[in-house]
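Here is how the chains run, residue by residue.
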There are 2 protein chains.
Amino acid sequence: MSAAEGMRRCIEDLRAALGDQNVLASGEDLARYQTAARYEDGKAAFVALPTTTAHVSAVVAICRRHAVTLVPQGANTGLVGAGVPDSSGEQGVLSLDRLNGPVAIDLENRSVRVAGGVRLSALNEELARFGLTFPIDLGADPSIGGMVATNTGGARFIRYGDVRRSVLGLEVVVADETGTILDLGSGLRKNNVGLDLKQLFIGTGGAFGVITRVDLEVQPLQRQSATALLAPRDRSTVMAVLLAAEAAFGSDLSSFEGMSGEALSCVFRHIPDTRNPFAPEPLPEYSVLVELSRSTAEPEAGERLKAGLHRFLEAQFEAGMIVNAVVDHPEALWKIRHSISDALREEGKVIGLDVSARRGDLEHFRADARVLVRREFPWLRVCDFGHCGDGGDHFNLVWPRLDAPPYDAATARLARTRLYELLVAKYDGSFSAEHGTGPSNGEYRSAFLGADRLDLEKRIGEALTHGRLLGRALG
Amino acid sequence: MSAAEGMRRCIEDLRAALGDQNVLASGEDLARYQTAARYEDGKAAFVALPTTTAHVSAVVAICRRHAVTLVPQGANTGLVGAGVPDSSGEQGVLSLDRLNGPVAIDLENRSVRVAGGVRLSALNEELARFGLTFPIDLGADPSIGGMVATNTGGARFIRYGDVRRSVLGLEVVVADETGTILDLGSGLRKNNVGLDLKQLFIGTGGAFGVITRVDLEVQPLQRQSATALLAPRDRSTVMAVLLAAEAAFGSDLSSFEGMSGEALSCVFRHIPDTRNPFAPEPLPEYSVLVELSRSTAEPEAGERLKAGLHRFLEAQFEAGMIVNAVVDHPEALWKIRHSISDALREEGKVIGLDVSARRGDLEHFRADARVLVRREFPWLRVCDFGHCGDGGDHFNLVWPRLDAPPYDAATARLARTRLYELLVAKYDGSFSAEHGTGPSNGEYRSAFLGADRLDLEKRIGEALTHGRLLGRALG
């Protein structure tokens, strides 16, 4: 039997199981499922769109029977190519798009049960009606299943942590012969009856199974907040300001986000209705977005939070730690923060690095990395931004359309490699902080993790799935 | 070769590797390592006391070579018997007592690196000098390695979560042939480079390996707090008061701990310098310890927190949700809370159940469970207490010394089984919430988790360790 004939039969079986309308196999229908958010385009043999967990199980079993590699995909907002097929045309996509039943809120438990395909925005819209929120703050609008598979972080990590912290239970379809459905807990906060199997599916990019349902702890909505954009005197004072903010505000500090002047100038150039908030002063080399927030019925707590931030900024100013600050229009400040990724794409070809280090090492890495880029790739522009509060940085490079040699993928990869080498060798940092692993950084797993570690992961994956992973998502 | 001869050679090899002084093998020396905190006494063939990670690795490799089962033990404060050998005299104990090097605090990263044998109290003493804390609040003083292996919860879970939430990195000695040392991350908050292997060692009771070093995120010390003991009108209002407190205080709510009148009367009877805080009013059927806390430089924040609690109590009183409250002497209130376990042991034989449910189900389970006990085991006294805020409850029964049939282990086990059956069948709750799994609850894993689940855990354990677990710790 030819490969084409095998694939035809696989699609036939999928149609029989899911109904014709839930299996796409023609070029036009497939387009939006093949193209990733950041350049890694692929070619799918089909897109299966299960509407129930039983359908997901059937898709997995059918594809294993036909030996077709399956790539699970949430809302296709990922940045490392984990959710899109390769260019062979021989992989299928299992999309969660239609696995999006109602959101079941348990107010007494302060938790929610949600299908894997539900979008973050849809979940938070429901939750807001009850004064609650799933507090992972992102520029994109991913599916909840995809967020769990990626173990997403975001801009309020310092206060709320990653997705893993909020997951109380999962239902997964394991990537084994029969598409076993595992019920891994529900709404319990404390449950230590053995190995916590759900942890194996969080952050593994769908390689071990498909996340079909999630139970999440949710949080009271912020009711009071105070926001400022401040300009540290120079890079050496960023960490001092962070430590002072933690000492002054404790867990009221919900964001401490750094942005390079280069990244911000791309925003003001390309994103309508944005401007330099420090104007008429020039844009500083580096700015930090600070947010305090609470959720309290205490009278005038919002005013006090703002007054506290004001006092803090004055003290930091007097101590020479910061040289400027603006406190008005928090929505405008957050819009700037969340527009950076789009703006960089307008500016040129983005070489995105999602890295992390111990907080105290981050500024040193950034300084070293700039020197490296200037020396070895002088036409590349460093437009980094990230999360000083949790040690994460999107050390993004832009290969400009103008005034630069023509884009060349091998050179782009070399720049990435050189920076990862610096990060790992000198700072023991991570080359994959919060975007998960996928084809974009898969080769670096081999380079940096070592054969023993990869072998151990493989053995565990095989123990889970009886010998074969879905897709290529563990890089 | 006889078994005794094999054990003699194993001990000989251990002495050669660790030095004579670090291997105990005589009856008297072994005593404190054999006796568990709650009745499960055992008999050790030896106690190995490694002082370095390399020594831990040597102990594991030697014991595997001689096919001697090894039980890892932290501070021996566990409540499910996971850290003590069985009664055969053929198991060895690997104690972390001497693996307690200096505590390395990274102030910029707000994290700490600590050896597995360091005690919680010692860690927090060091941290307090810098205004920091590892905020897991317990009555006991366990080792940090043991806390990770147990995934301990505690009385401030509602604010700070379990140990898992704070673990940034682990060094473990895997229970394989060579005692492989795995370095599983250090101080990074965001690190998603593949399967997060450290999760496999958190909460698995040492079965997969020995935790020799831990990197923890730590938190600013509470600087302001307000505490009250309140008496809900009846059980039906406990949940309403919790939801009102979360709505009023957000994450300033750091404890919401319930205590039955029976548990408290044991405290006042047996623990010196404690008394009914409601006196001259009688002890209510159920009380809740509420704590608010912050860590802020905001002027008069402590006064405001106290005023806010006062307003809250008045409103709850007026709404008929609570019938009494005391707000003075927080240390005395916390002492009462943390003395319950000791007091119950004075009262009689304790049948300890460490269970959890969705928060809204907890009061219903407690009511059903009381009916069951009254009907089937009328001489047993329900002295429960726990964590309404996170759905955890120590539904402890006391078999009194007086006015009861003589203690009988089979009946005690039957009572435990009947209550677990109720919990799991009716409420989908957990029979092992925060004390971990061990011999005390191991049989219930078989009963409630199902053969497929246990088989999956076993396959994963074998993938990790090449075919054999340490001790019996996964139940």
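Just so it is clear, the model here is predicted, and its values are computed rather than measured.

What counts and what doesn't
- Residues numbered from 1 in each chain as written.
- Chains lettered and ligands numbered in written order.
- Predicted model: local features only at pLDDT ≥ 70, side-chain atom pairs only at ≥ 80, totals over all residues.
- Heavy atoms only, no water.
- Helix = DSSP H or I, 4+ residues; strand = E, 2+ residues; numbered from the N terminus.
- Buried < 20%, exposed > 50% of the residue type's maximum accessible area, 1.4 Å probe, protein only.
- Contact = heavy atoms within 4.5 Å.
- Buried area = accessible area lost by both parts, 1.4 Å probe.
- Salt bridge = Lys/Arg side-chain N within 4 Å of Asp/Glu carboxyl O.
- Polar contact = N/O pair within 3.5 Å; in protein donor to acceptor, adjacent residues only side chain to side chain.
- Nonpolar A, V, L, I, M, F, W, Y, C, P; charged D, E, K, R; others polar.
- Axes fitted to C-alpha atoms, helices over the stretch in contact; angles between N-to-C directions.
- Left-handed = near helix turned anticlockwise from the far one by under 90°.
- Core = buried A, V, L, I, M, F, W, Y, C linked by side-chain atoms within 4.5 Å.
- Domains from an automatic or database assignment.
- Pairing = 2+ DSSP bridges.
- Expected span 1.5 Å × (residues − 1).

> In this structure, what is going on with the environment of S225(B)? I would like to understand it.
All names here are of chain B. Inspection of the secondary structure puts S225 in strand β12 (residues 224-232). Since its relative accessible area comes to 26%, S225 is described here as partly exposed. Measuring from C-alpha to C-alpha, the distance between S225 and S293 comes to 4.1 Å, with 68 residues separating the pair along the chain. For S225, the residues in contact, after removing those within four places along its chain, are L292, S293, L305 and K306.

> Could you clarify how one ought to interpret the interface of chain A and chain B in this entry?
Put simply, an interface is often sized by how much accessible area is lost when its parts join up. The interface is formed by 82 residues belonging to chain A together with 82 residues belonging to chain B. Buried area between chain A and chain B, summed over both chains or domains, comes out near 6800 Å², and the portion from carbon and sulfur atoms is 50%. Applying the counting rule to chain A against chain B returns 14 salt bridges. At the boundary of chain A and chain B, one finds 42 residue pairs in polar contact (both at pLDDT 80 or more). Those elements that provide at least two residues to the side of chain A that touches chain B are α6 (157-160), α7 (163-166), β10 (209-217), α8 (238-249), α10 (301-318), α12 (359-376), α14 (439-449) and α15 (451-465) of chain A. In terms of residue count, α15(A) provides more of the side of chain A that touches chain B than any other element does, 7 residues in total. A per-class count over the side of chain A that touches chain B returns 27 nonpolar, 28 polar and 27 charged.

> What is the right way to read the packing of helix α8 (residues 238-249) of chain B against helix α10 (residues 301-318) of chain B from this model?
Helix packing for two helices is described by the angle between their axes and how far apart those axes are. All names here are of chain B. One can describe the packing of α8 onto α10 by two numbers: an axis separation of 11 Å at closest approach and a directional angle of 145 degrees. Crossing angle aside, the handedness with which α8 passes α10 is right-handed. Contact residues: α8 offers V241, A244, A245, A248 and F249, while α10 offers G308, L309, F312 and Q316. Split by residue class, the contact of α8 with α10 holds 7 nonpolar, 2 polar and no charged.

> Help me understand the nonpolar core in this model?
Generally speaking, soluble globular proteins have nonpolar side chains that are buried together. Counting 74 residues, the largest nonpolar core has F134(A), F201(A), F134(B) and F201(B) as its most contacted members. With residues up to four places along the chain from it excluded, the contact list for F201(A) reads V148(A), A149(A), L170(A), V172(A), V174(A), L182(A), L184(A), F208(A), G209(A), I211(A) and L464(A).

> I'm lost on the domain arrangement of chain A in this one. Help?
Residues and elements named next belong to chain A. The domain architecture assigned to chain A consists of domain 1 (3-95), domain 2 (104-220), domain 3 (224-338), domain 4 (342-441) and domain 5 (442-469). Between domain 2 and domain 3, the C-alpha centre-to-centre distance is 30 Å. Taken residue by residue, the interface counts 9 residues in domain 2 and 14 residues in domain 3. Both sides of the domain 2 and domain 3 interface together cover about 840 Å² of buried area, and 47% of this is carbon and sulfur. Together, A155, I158 and R159 form the three largest contributors to the area buried by domain 2 at its contact with domain 3, with a combined 59%. Summed over the shared surface of domain 2 and domain 3, the result is 1 salt bridge. Its salt-bridge partner being R156, residue E291 comes within 2.7 Å of it at the nearest N-O pair. Linking domain 2 to domain 3 there are 5 residue pairs in polar contact (both at pLDDT 80 or more). Here the side of domain 2 that touches domain 3 is composed, by residue class, of 4 nonpolar, 2 polar and 3 charged.

> For this particular structure, what's the right way to read unusual backbone geometry?
Most peptide bonds adopt trans geometry, and most residues besides glycine take a negative phi value. All names here are of chain A. Cis geometry marks the peptide bond from A279 to P280; its omega dihedral reads 10 degrees. With respect to the helices and strands, the residue P280 is situated in the loop between α9 (261-270) and β14 (286-294). Of note, the phi angle at D403 is positive, near 55 degrees, even though the residue is not glycine.

> Mind showing me how you'd approach the side chain of E246(A) here?
With respect to the secondary-structure elements, E246(A) resides in helix α8. Accessibility expressed as a relative area gives 8% for E246(A), which makes it buried. For E246(A), the residues in contact, after removing those within four places along its chain, are I158(A), L253(A), R359(A), R110(B) and P220(B).

> Sorry, what's going on with the sheet that holds strand β4 (residues 91-95) of chain A here?
Two strands in a sheet stick together by hydrogen bonds in their backbones, pointing the same way (parallel) or opposite ways (antiparallel). All names here are of chain A. Pairing within the open sheet is mixed, and its 4 strands lie in the order β1-β2-β4-β3. Both outer strands of the open sheet, β1 (23-24) and β3 (70-73), are each paired with one neighbouring strand and no more. Where strand β2 (residues 44-48) lies against β4, 4 bridges are found, and the strand directions are parallel. Note that in β4 the partner of V47 across the bridge is V93. Each of β1 and β2 touches helix α1 (residues 3-18); the most contacted strand, β2, lies at about 10 degrees to it. Lying on the sheet, helix α2 (residues 27-34) is in contact with β1, β2, β3 and β4; it crosses β2 at an angle near 85 degrees.

> What should I look at first to understand the sheet that holds strand β8 (residues 167-174) of chain B in this one?
Residues and elements named next belong to chain B. Pairing in this open sheet of 5 strands is antiparallel, and the strands run β5-β6-β10-β8-β9 from one edge to the other. On the outer flanks of this sheet lie β5 (104-106) and β9 (181-184), each paired with one strand and no other. Along the sheet, successive strands turn relative to each other by an average axial angle of 15 degrees, direction set aside. Note that strand β6 (residues 111-115) and strand β10 (residues 209-217) share 5 bridges and pair antiparallel. Residue R113 lies in a different strand from β10, and its bridge partner there is D215.

> Any chance you could explain helix α13 (residues 409-427) of chain B here in plain terms?
Residue pairs spaced three or four apart in an α-helix point in one direction, given the helix's 3.6 residues per turn. Residue and element names in this part refer to chain B. Look at α13: 26 Å from first C-alpha to last across 19 residues, which is about the 27 Å you get at 1.5 Å a residue. When we look at burial in α13, the residues that qualify are T411, A412, A415, R416, T417, L419, Y420, L422, L423 and Y427. The N-capping residue of α13, defined by a side-chain oxygen 3.2 Å from the backbone nitrogen of A410, is D408. Count one or two residues on from α13 and you reach D428, which has phi positive near 50 degrees.

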